[in-house]
Number of protein chains: 2
Amino acid sequence: MARIKEKRATVHDLARAAGVSLATVDRVLNRRPGVRPATISRVEAAIEALDFRRDVPASLLARARAINVTVLLPDGENSFMANLSAAIEEEGRRRAAERLQITAQRVRAFDGGALARTIDALTRENCDCAIVVATDAEEVRAAVERAALRGIEVVTLVSDIPESRRRHFVGIDNLAAGRTAAALLGRFCGEGARIGLIAGSLALRDHQQRLQGFRETVRGKFPGLRLVGPLEGHDNAAETAVAAERLIAENDDLEGLYSLGAGNSGLVAALHRTGRAGKLRVVAHELTKTTRQGLKDGAIDVILDQNPQGEVRAALEIARQIGLGSYPLPEPFTIELGIFFAENLR
Amino acid sequence: MARIKEKRATVHDLARAAGVSLATVDRVLNRRPGVRPATISRVEAAIEALDFRRDVPASLLARARAINVTVLLPDGENSFMANLSAAIEEEGRRRAAERLQITAQRVRAFDGGALARTIDALTRENCDCAIVVATDAEEVRAAVERAALRGIEVVTLVSDIPESRRRHFVGIDNLAAGRTAAALLGRFCGEGARIGLIAGSLALRDHQQRLQGFRETVRGKFPGLRLVGPLEGHDNAAETAVAAERLIAENDDLEGLYSLGAGNSGLVAALHRTGRAGKLRVVAHELTKTTRQGLKDGAIDVILDQNPQGEVRAALEIARQIGLGSYPLPEPFTIELGIFFAENLR
DNA sequence: CCAGTCATGAGGTACGTACCTCACATTTTC
DNA sequence: GAAAATGTGAGGTACGTACCTCATGACTGG
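On a predicted model such as this, the values are computed, not experimentally measured, just so you know.

Student: Would you mind showing me how to read the relation of the copies chain B and chain A here?
Tutor: Here chain B sits on chain A after a turn of 180° about the axis and a move of 0.1 Å along it, with an RMSD of 0.2 Å. The superposition of one copy onto the other is thereby described by a two-fold rotation axis. Minimal C-alpha distance to the rotation axis in chain B is attained by Pro57(B), lying at 2.1 Å. A shared binding surface is used by both copies, with 100% of the interface residues of chain B retained as interface residues in chain A.

Now the structure itself:
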């Protein structure tokens, strides 16, 4: 019978313990100026000693303004981004009661300059924390740096900017996704089978990583597999269809396909047109209307999904904690790779 | 640029709109006695009209007592239950700040009478909501009924009591789990392959459902497969080992195994002892220390996992909402089936 | 040594709800 | 038609934090 109880320290206890006034405690807690470093240390020591944690409900109640969160995500008709966008809307509504004020803004896709300018336009007035589906470009990295200096924390979503001052990354492990695809196709297909690869663009870091993971596992566990490609489908249906048809036409012994980008409606169409739907073992990414249908009618065997709703939820939770200035800094959420067959579609 | 803003109605607005006093609004909101049905309706109409939702932070702050949640789970050294228990401890700590008072209590496994008595012992004084890993027995169903009448809401976790007055069920879809296992083994093994089945106990409803889902998909998609078993391993290592060795010994053409219960350390041991580790395609349930190791060394191909931490989190969230008496009743959380290979172990 | 700056204290109000008490009005009961 | 029970109103305090103002003491540089 584990009983978890609690008689928590308040700001008053802190003040008493540190031998300072309530006002000073408040200044330290809310990072307001006007406190000597030595005094700050005393207060922080008291926080430590009393295991003080801000009472979130009370804090939320007392603070006048909401926590402003700005979400920046690429434009375009991509159906994954549409899902992401819908998830943001919904979670935003759900969390409005907790004084989270969410603003979503679309930025030109693949345009580092535009994204950087949008980030630069954010001010402390209208934004405590930015959630960014990042384009991995030097300009963006620099803009994140400047934002951090202005006091605006950045959380990257779906695609990361490594070695930047972003506070967190929320997304799946793309290396693991690639490895998993290989683990599946390796078991689905025969020993020396030929497998085709279609990427969106090798300039995208997530696609690169998926490819790398895939090759790693093939090398390690299924060295007999013979890979062709990757061809690039640029995340769009038409080009992806062309790529798929080419792979099929040029390799009559093709047994499997791994599509590691978007544009899967083209892939499905190509499979049906060539009569290979259900005959090839196909692994692709992202649960969408098209891929869902593909699973059901057997054109696609497995979908690896990054669960946009879960990602949005995690990113907002981190943003909330950042906005509240919570002392124990938010721990990173692990977003799990979703693996879907026709049999476990949600 | 979707902006989600709000200017929410307060209890004062409600009182004005309904033409009653604050005290009456309060009585209605907190289901206290002393209000005529007609007046209650007026207040509820105002709630509807103004789209009033209780301010959770303020409510939490104002209420004197914490929300008492009691978790009842089976005893025994089962490593899945140990994980579940650990998750409860951790989530309990994490959420203590939100005035959730969590008490975990272990009850004799498979003993419906004991569980029923424990539920009957709960009072409104010490418990607003009970989270129960249920044994599916008539006595338990009746105890849940009595609890509901006393005003104690019950949420079932992991295993459900259908057609009872429990308020929610948090757990995976075991039919889908069984179907997924079949989808995997069907693709891993050859057309007419022989597959062995090991259950914990067919008296357990979740195991039954997994078996049912498995057979369903085999019938529909892989009718060539020849199934043997299920043998029962009673969720314990020794018996499971015996069952596995028997299946292996009696079927020299065995290509795959689906272990749909616990006791998987016995399974792994048997695979190694008979030299079939890595040669058979094996699907089993629950990520534990043993199965994790089994994935890594190749004895197990796939683990289907129900993510105890996610389940606990979901159940606690529901309990919290129940405890707060939130007006829009909590929506059921879907717990997703986790599918793990060596390649995407978290 | 004086003006100016900085660090701190004292004390207050506000947030929205829960919960309490007491008084008064209305309805029910015999 | 008096007594009892019930419904409702008025008003207050408390929860823990944020944020504000004003006063004071200490230290700085010229």
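Okay, back to it.
Student: It is not clear to me how the protein's contact with DNA strand C should be interpreted in this structure. Could you clarify?
Tutor: Taken together, 25 residues lie near DNA strand C, and Ser21(A), Thr24(A), Arg36(A), Thr39(A) and Arg54(B) sit nearest. Backbone atoms, meaning sugar plus phosphate, form 69% of the atoms of DNA strand C positioned within 4 Å of the protein. Take Arg36(A): an N or O atom from its main chain is 2.6 Å from a phosphate oxygen of DNA strand C. A distance of 3.3 Å is found between a base oxygen of DNA strand C and a backbone nitrogen or oxygen belonging to Leu61(A). Among the elements of the structure, helix H2 (22–29) and helix H4 (56–62) of chain A together with helix H1 (11–18) and helix H4 (56–62) of chain B are those that each provide at least two residues to the surface near DNA strand C. When its residues are assigned to classes, the surface near DNA strand C shows 9 nonpolar, 9 polar and 7 charged.

Student: Any chance you could explain the side chain of Arg320(B) here in plain terms?
Tutor: All names here are of chain B. With respect to the helices and strands, arginine 320 occurs in helix H13 (residues 308–324). Among the residues examined, arginine 320 registers a relative accessible area of 12% and is labelled buried. Apart from the residues lying within four places of it in its own chain, the contact partners of arginine 320 are Val56, Leu60, Ile67, Arg95, Glu98 and Leu100.

Student: Which parts of the structure should I look at to understand the interface of chain B and chain A?
Tutor: By a frequent convention, interface size equals the accessible area lost on bringing the separate parts together. Listed as interface residues are 48 residues of chain B and, on the opposing side, 48 residues of chain A. Here chain B meets chain A over a buried area of about 4500 Å², counting both sides, of which 54% is carbon and sulfur. Inspection of the chain B/chain A interface yields 4 salt bridges. A salt bridge links Asp301(B) to Arg187(A); the shortest N-O distance between them is 2.7 Å. At the level of elements, strand E1 (2–3), H4, helix H5 (79–95), strand E3 (100–107), helix H8 (174–188), helix H9 (205–221) and strand E12 (338–340) of chain B are the ones that each hand at least two residues to the side of chain B that touches chain A. With 7 residues, the single largest contributor to the side of chain B that touches chain A is H8(B). Here the residues of the side of chain B that touches chain A are counted per class, giving 21 nonpolar, 8 polar and 19 charged.

Calculation criteria
- Residues numbered from 1 in each chain as written.
- Chains lettered and ligands numbered in written order.
- Predicted model: local features only at pLDDT ≥ 70, side-chain atom pairs only at ≥ 80, totals over all residues.
- Heavy atoms only, no water.
- Least-squares fit on C-alpha atoms with pLDDT ≥ 70 in both.
- Contact = heavy atoms within 4.5 Å.
- Near = heavy atom within 4 Å.
- Polar contact = N/O pair within 3.5 Å; in protein donor to acceptor, adjacent residues only side chain to side chain.
- Helix = DSSP H or I, 4+ residues; strand = E, 2+ residues; numbered from the N terminus.
- Nonpolar A, V, L, I, M, F, W, Y, C, P; charged D, E, K, R; others polar.
- Buried < 20%, exposed > 50% of the residue type's maximum accessible area, 1.4 Å probe, protein only.
- Buried area = accessible area lost by both parts, 1.4 Å probe.
- Salt bridge = Lys/Arg side-chain N within 4 Å of Asp/Glu carboxyl O.

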